[in-house]
Structures are given as C-alpha cells and as structure tokens.
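Spelled out, the chains give:
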Amino acid sequence: AGYLRESRKGAKRAQHIIISKCPANLNPGLQDMYRKASKKYSAAPIHFSQLEYGAIVNQFGNHLEAKQDLALITAIANTQTLEEMLSTKGALKKHWQYRDHHPFTKQELESHLAKAKKEKYSLVCTDKDWVKIKPLLAEIDPEYPVYRVPVKPKFSEQDREVLLTDLNSLFSTV
C-alpha cells in the first residue's frame, strides 16, 4: 500500500478506492482494517492490487538473458519489489537510486553508462524512467541497450470484473 494520491476529503468523490502495490499475500485481517479505515471517508468499494512485472526488453526488442549482472537506475518511490524481482533474473550489482520523479541529466546517464559498460552490466530501468532516459540515451549512445521493466496493476478476478463492468458502463452511456 502506497501513499495517498489525493487528500482524504477527496475520497467522498471516489467511485472506487484502489489500495495499490499490496503484497501477494496481504492477509484478510489487514484488508479488513484498510476497508474499515477507508469507510470513514467514502462508501466506495475498496479494491486491492499488486504489481505485475512484464517481460524485460530493451529498445531493440531483445529480452534480458537469464543470470546477467545488472545495474538498475530508478527514480521511483519504492524499489523493494522491483529489486526482489530482478534478483531472480540475475545479480543486481549496482543500483543508482534517485528520489521519485527525479529528472535525469545527461551527465548522470553518461556516468552510469560508462560504469555499466566498464563492468559489463546490463542496464535496467522501469518503463516510467525509460521515458526520461530515452532522449538522453539518443544523445549519448543510441546503440547501447537499456532494458526496461513494464509494470501493471494486478487485481483479483472478482475486483477485475467489478472494475471492468463499471468502466464499460461509463463508456456505453457516451
């Protein structure tokens, strides 16, 4: 569960409340606690989601090979689940971690690329960070492969159906 994206007062406008980035084994007691706390602010249904990582590919469409030495560059709030997932793909040798939403500079990326090349690390980032890294890489070394990790929310089948039904009803009235 992450930080609130909006103030508690804004919860009364919500049609659904999603508690995101939950561990896969979030116990029912904790779920009930979150539901009870949320009901103080909104009558909207509560849903829980986890992070689901997709296939790790570089800008050329090549998949990350198994058991490589990795260097990670991030500007996201919490990297724990990403680091855990990457540890199953290879050895995470270096992590350049910046504050959330950090605007990478050309100098930072040049420095990290030089280190990754020297140590023969595969450079990995999130899709979110790739948006900021891609134009810098084009100036520095457009042929250097940078792997990116796509992420999406994963809901229980029940929550997924409820959310899709509600979304479909919104669009069918247009």
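See the structure printed just above.
Draft legend 1. Expanded view of the packing of helix α3 (residues 106-119) against helix α4 (residues 127-140). As a packed pair, α3 and α4 sit with axes 10 Å apart at the nearest point and diverge in direction by 70°. Relative to α4, α3 is oriented roughly perpendicular. As for how α3 packs across α4, the hand of that crossing is right-handed. Listed contacts from α4 to Lys 106, Leu 109, Glu 110 and Leu 113 of α3 are Ile 133, Leu 136, Leu 137, Glu 139 and Ile 140. Per-class residue counts for the contact of α3 with α4 are six nonpolar, no polar and three charged.

Draft legend 2. Fine view of the packing of aromatic side chains. In this structure the tally under the stated criterion is two aromatic pairs. Taking 6.4 Å as the distance between ring centres and 50° as the angle between the ring planes, the aromatic pair formed by Tyr 34 and Phe 48 counts as tilted. Linking Tyr 34 in helix α1 (residues 28-39) with Phe 48 in strand β2 (residues 46-53), this pair joins segments that are 14 residues apart in sequence. Between the aromatic rings of Tyr 98 and Phe 104, the centroid separation amounts to 5.5 Å while the plane-to-plane angle is 90°, which identifies the pairing as edge-to-face. Assigned by exposure class, Tyr 98 and Phe 104 land together as buried.

Calculation notes
Residues numbered from 1 in each chain as written. Predicted model: local features only at pLDDT ≥ 70, side-chain atom pairs only at ≥ 80, totals over all residues. Heavy atoms only, no water. Axes fitted to C-alpha atoms, helices over the stretch in contact; angles between N-to-C directions. Helix = DSSP H or I, 4+ residues; strand = E, 2+ residues; numbered from the N terminus. Parallel < 35°, antiparallel > 145°, perpendicular 65-115°, else oblique. Left-handed = near helix turned anticlockwise from the far one by under 90°. Contact = heavy atoms within 4.5 Å. Nonpolar A, V, L, I, M, F, W, Y, C, P; charged D, E, K, R; others polar. Phe/Tyr/Trp six-rings, centres within 6.5 Å; stacked < 30°, edge-to-face > 60°. Buried < 20%, exposed > 50% of the residue type's maximum accessible area, 1.4 Å probe, protein only.

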